[in-house]
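Now for the letters of each chain:
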Amino acid sequence: MRATDARTPGWRLPALAGLAAAAVAAGVGELVAAIAAPESGPFVVVGAAVIDLAPPWAKDAAIALFGTADKLALIVGIVLVLAAVAGGAGVLESRRSRLGAGVFLMLGVLGAIAAATRAGSGTLAILPSAAAGIAGAVAVMHLVRRVPGGEAPAAPEASRTLGAAGASGASAAPEASVSPAASAPDRRSFLAWAGGAAAVGVLAALAGNALQAGRRMTQAVRDAVTLPRATASATIPASAELHVDGITPLVTPNADFYRIDTALRVPEIDPAEWSLRIHGRVAREVVLTWSDLLALPMAESVTTLACVSNEVGGGLIGNAVWLGHPIRDLLARAEPDSDADMVLSRSVDGFTASTPLAVLQDDRDAVLAIGMNGEPLPLEHGFPVRMVVPGLYGYVSATKWVTELEVTRFDEASAYWTDRGWSERGPIKISSRIDVPRPGQRPAAGTVVVAGVAWHQHVGIEAVEVQVDDGPWREAELATAISADTWVQWRYEWADAAAGGHTLRVRAIGADGEVQTAREQGVVPDGATGLHTVTVDVG
Ligand SMILES: Nc1nc2c(c(=O)[nH]1)N[C@H]1C(S)=C(S)[C@@H](COP(=O)(O)O)O[C@H]1N2
Ligand SMILES: [Mo]
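Throughout, a residue's number is its position along its own chain's written sequence, starting from 1. Chains and ligands are labelled sequentially in the order written, the chains with letters from A and the ligands with numbers from 1. In keeping with the predicted nature of the model, local features appear solely for residues at pLDDT of at least 70, side-chain atom pairs appear and are counted solely at 80 or more, and the whole-chain, interface and lining totals rest on all residues. Each side-chain value is worked out from all heavy atoms of the structure, with water and hydrogens disregarded.

Considering the domain arrangement of the chain
The extent of an interface is frequently quoted as the accessible surface area lost upon association of the parts.
Move 1: Residue ranges for the domains originate in an automatic or database domain assignment. Taken domain by domain, the chain comprises domain 1 (3-152 + 185-215), domain 2 (238-420) and domain 3 (431-538).
Move 2: A separation of 47 Å is found between the C-alpha centroids of domain 1 and domain 3.

Some words on the pairing of strand S11 (residues 431-436)
Move 1: Across the six residues that make up S11, a large majority, six, are buried.
Move 2: Both S11 and strand S12 (residues 446-455) contribute to a ladder of five bridges, which runs antiparallel. Within S12, the residue paired with Ser 432 across the bridge is Ala 454. Categorising residues by exposure relies on relative accessible area from a 1.4 Å probe, with only protein chains included: less than 20% of the type maximum marks a residue as buried, more than 50% marks it as exposed, and the intermediate range marks it as partly exposed. Every helix listed is a DSSP run of H or I at least four residues long, and every strand listed is a run of E at least two residues long, numbered separately from the N terminus. By the convention used here, strands pair only if DSSP detects at least 2 bridges between them.

Comments concerning the site of ligand 1
Move 1: A single heavy atom is enough: if one lies within 4 Å of a molecule or strand, its residue is considered near that molecule or strand. Neighbouring ligand 1 are 19 residues; Tyr 258, Thr 262, His 381, Arg 386 and Lys 400 lie closest to it.
Move 2: Polar contacts here mean pairs of N or O atoms no more than 3.5 Å apart (in protein, one a potential hydrogen donor and the other a potential acceptor; neighbouring residues in sequence count only if both atoms are side-chain atoms). Between Ile 260 and ligand 1, the recorded distance is 3.0 Å, taken from a backbone N or O atom to an oxygen atom.
Move 3: Residues were grouped as follows: Ala, Val, Leu, Ile, Met, Phe, Trp, Tyr, Cys and Pro as nonpolar; Asp, Glu, Lys and Arg as charged; and all remaining residues, including Gly, as polar. Tallied by class, residues from the shell around ligand 1 come to nine nonpolar, five polar and five charged.

Describing the sheet that holds strand S15 (residues 477-478)
Move 1: If you walk across this open sheet you meet the four strands as S11-S12-S16-S15, and the pairing is antiparallel. Whereas interior strands pair on both sides, the edge strands pair on one side only; in this sheet they are S11 and S15.
Move 2: Pairing between S15 and strand S16 (residues 488-497): two bridges, direction antiparallel. In the strand pairing of S16, Leu 478 is matched with Trp 490.

Re the environment of Gly 29
Move 1: Tracing the chain through its elements places Gly 29 in helix H1 (residues 12-36).
Move 2: Residues Gly 29 and Ala 132, spaced 103 residues apart in sequence, show a C-alpha to C-alpha distance of 4.5 Å.
Move 3: Discounting residues that sit within four places of it in the chain, Gly 29 has contacts with Pro 42, Pro 128 and Ala 132. Only heavy atoms matter for contacts: two residues are in contact if any of them lie within 4.5 Å across the pair.

Things to note about the UniProt feature "transmembrane region" (unreviewed entry) in the chain
Move 1: The UniProt feature table records "transmembrane region" (unreviewed entry) at residues 72-92, 99-119, 125-144 and 190-211.
Move 2: The distance from the first to the last C-alpha atom of residues 72-92 is 30 Å, and the span holds 100% helix and 0% strand.
Move 3: Helix makes up 100% of residues 190-211 and strand 0%, with an end-to-end C-alpha separation of 31 Å. UniProt positions are given in the numbering used here, feature names are shortened, and annotations may be inferred rather than shown by experiment.

Some thoughts on the confidence of the model for the chain
Move 1: Chain-level statistics for the chain give a pLDDT mean of 90 and a share of 91% at 70 or above.
Move 2: Think of pLDDT as the predictor's per-residue confidence, scored from 0 to 100. Low pLDDT, under 50, characterises residues 1-7; the stretch is placed with nine contacts to residues that sit more than four places away or in other chains.
Move 3: Here residues 151-182 is a poorly scored stretch, pLDDT under 50, and it has 21 contacts once near neighbours within four places are set aside; other chains count.

Description of unusual backbone geometry
Move 1: Geometrically, the link from Val 436 to Pro 437 is a cis peptide bond, its omega value of -5° lying close to zero.
Move 2: Tracing the sequence through the fold places Pro 437 in the loop between S11 and S12.
Move 3: With a phi close to 60°, Glu 335 is a non-glycine residue in the positive phi region.
Move 4: One can find Glu 335 in the loop between helix H10 (327-334) and strand S5 (342-347).
Move 5: Residue class for Glu 335 comes out partly exposed when judged on its relative accessible area of 39%.

With respect to helix H5 (residues 99-116)
Move 1: Taking 1.5 Å of rise per residue, 18 residues should cover 26 Å, and H5 covers 26 Å from first to last C-alpha, within 8% of that figure.
Move 2: All buried positions along H5 are accounted for by Gly 100, Ala 101, Val 103, Phe 104, Gly 108, Gly 111, Ala 112, Ala 114 and Ala 115.
Move 3: Looking at the buried residues of H5, the elements they touch are H1, helix H2 (42-53), helix H4 (70-95) and helix H6 (127-145). What a helix is expected to span follows from its residue count: subtract one and scale by 1.5 Å.

Quick look at the environment of Gly 314
Move 1: Tracing the chain through its elements places Gly 314 in the loop between strand S3 (299-306) and strand S4 (317-326).
Move 2: What makes Gly 314 buried here is its relative accessible area of 18%.

Details of the packing of aromatic side chains
Move 1: Stacked, edge-to-face and tilted labels apply to pairs of Phe, Tyr and Trp rings (six-membered ring for Trp) whose centres lie within 6.5 Å, assigned for plane angles under 30 degrees, over 60, and everything in between, in that order. Per the stated rule, a full pass over the model turns up six aromatic pairs.
Move 2: Charge-over-ring contacts are defined here by two conditions on Lys NZ or Arg CZ: a distance within 6 Å of the ring centre and an angle within 35 degrees of the ring normal. Taking NZ or CZ as reference, Arg 146 lies 3.9 Å from the ring centre of Trp 193, over its face.
Move 3: We note Arg 420 situated over the ring of Tyr 416; from NZ or CZ to the ring centre the distance is 3.7 Å.

Some words on the pairing of S4
The side chains of a regular strand alternate between the sheet's two faces.
Move 1: S4 sits mainly inside the fold: ten of its ten residues count as buried.
Move 2: By the bridge criterion, eight bridges tie S3 to S4 in an arrangement that is antiparallel. From the neighbouring strand, Leu 305 faces S4, where its bridge partner is Gly 318.
Move 3: Pairing analysis gives five bridges linking S4 to strand S7 (residues 367-372), with the strands arranged antiparallel. Paired with Leu 323 across the two strands is Gly 371, which belongs to S7.

Written as structure tokens, this is what we have:
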């Protein structure tokens, strides 16, 4: 028995408070992950970070020890370590208020860092870990506050109570019964709170799991889709690739393709239940099911998609091989009225985009796409069906999870982003980007290779020019363009680069003679302008 029993709480109940808080944190983290960032559950991202950071010998040892169960062993290991830390956080919190809460917040920050630094992670990736950290911090503060003041060992007190009761019968002496009578309900109420908190955590985790089940099913259906053979395959000339170290790949892998949408939760669409309705100002309504669509000719086309929110030099742009059916042909079946001038496409989640009807009827590869780089569309990129329209920013053309095409007029209807201050029409502006050297890189003096991409969708790039400091504009070497609808790689050999700081600028010249303007404009309301500028320190 300890001398300070009455004042200092022991470590067991606070540790239990820490564990219960950890259950709350884990549950909240999994639930938020299920809703907002399915790939970024706290355990998944921490596990992935441990795998990435582990030295090879540790990985080999884990595989040797646990074989194919090495992933399970990893998760069990992480749970044990986190449980120990959480128990410790409870004890810390009982010694000094907010200290244990701080431990939970720190774990949340570590998880968020692990999530944010994973390849292909979206902006929502940090949410689950952040929410888990905050939930754990709040829970541990509340629970530790409910730990009864003195965690006296149970046995001696119980015998004292019995003894007291035995001595004075039913009316126990007040001084003898005060301590146990006051602390037993305290203890019981604390255990109820801790148990309740843990139960909330478990329920949240179960709810998260149930929500994830839908996504896993859709993912499985998506993975099982066999794409029809293309009636025409995309041809990418070998000379379209310049093979410069560090340049953006000509075709963007799906995992690295930027993702922009308003969907907090990625729509889960069973293709068997998907259909597209073409209606509005048409001679006849057309309804197309998934099997109807698969029976139509599907051609490959290469189109560079860009977001209107892409800053000059930014990464909200990607190039992919799309497998799809011309929207033109479907519209022809519906026969738009002669006074229609816009198609309002609508996604299952309510997002809408306004595309000029004429753009969908001319000879460009505006398609209802089902394939991206040889695979069914990834869920985040619109599975099962999306629109891809060369030449227009995504917000006015690239509707993902599309289920409706309403033929209408610009003076009759408006789209999601137009209602929020963006332009009703969004042709992609001519632009170019320097990929190498990267800012902060220190190339050696002498000849420095400068390279990047340039685009003017559906018009084409005539030339790219590079300026060093305030020198003359010099023409860069252009790769063969796949087509006018894709970006094109360029490369410039900067001869006699002298040591010291330098400024590099790039500008594109379109096939129509348009020279990329130096005038700077922000992304609102119809896309940024200006020249990408990189400062380098030549060593
Ligand atoms: N359903 C739906 N489709 C959408 C959006 C959206 O928010 N919801 N965003 C659009 C925007 S702004 C862009 S830039 C592109 C991005 O497509 P990606 O995420 O496949 O790169 O999708 C477009 N299609
Ligand atoms: Mo966008």
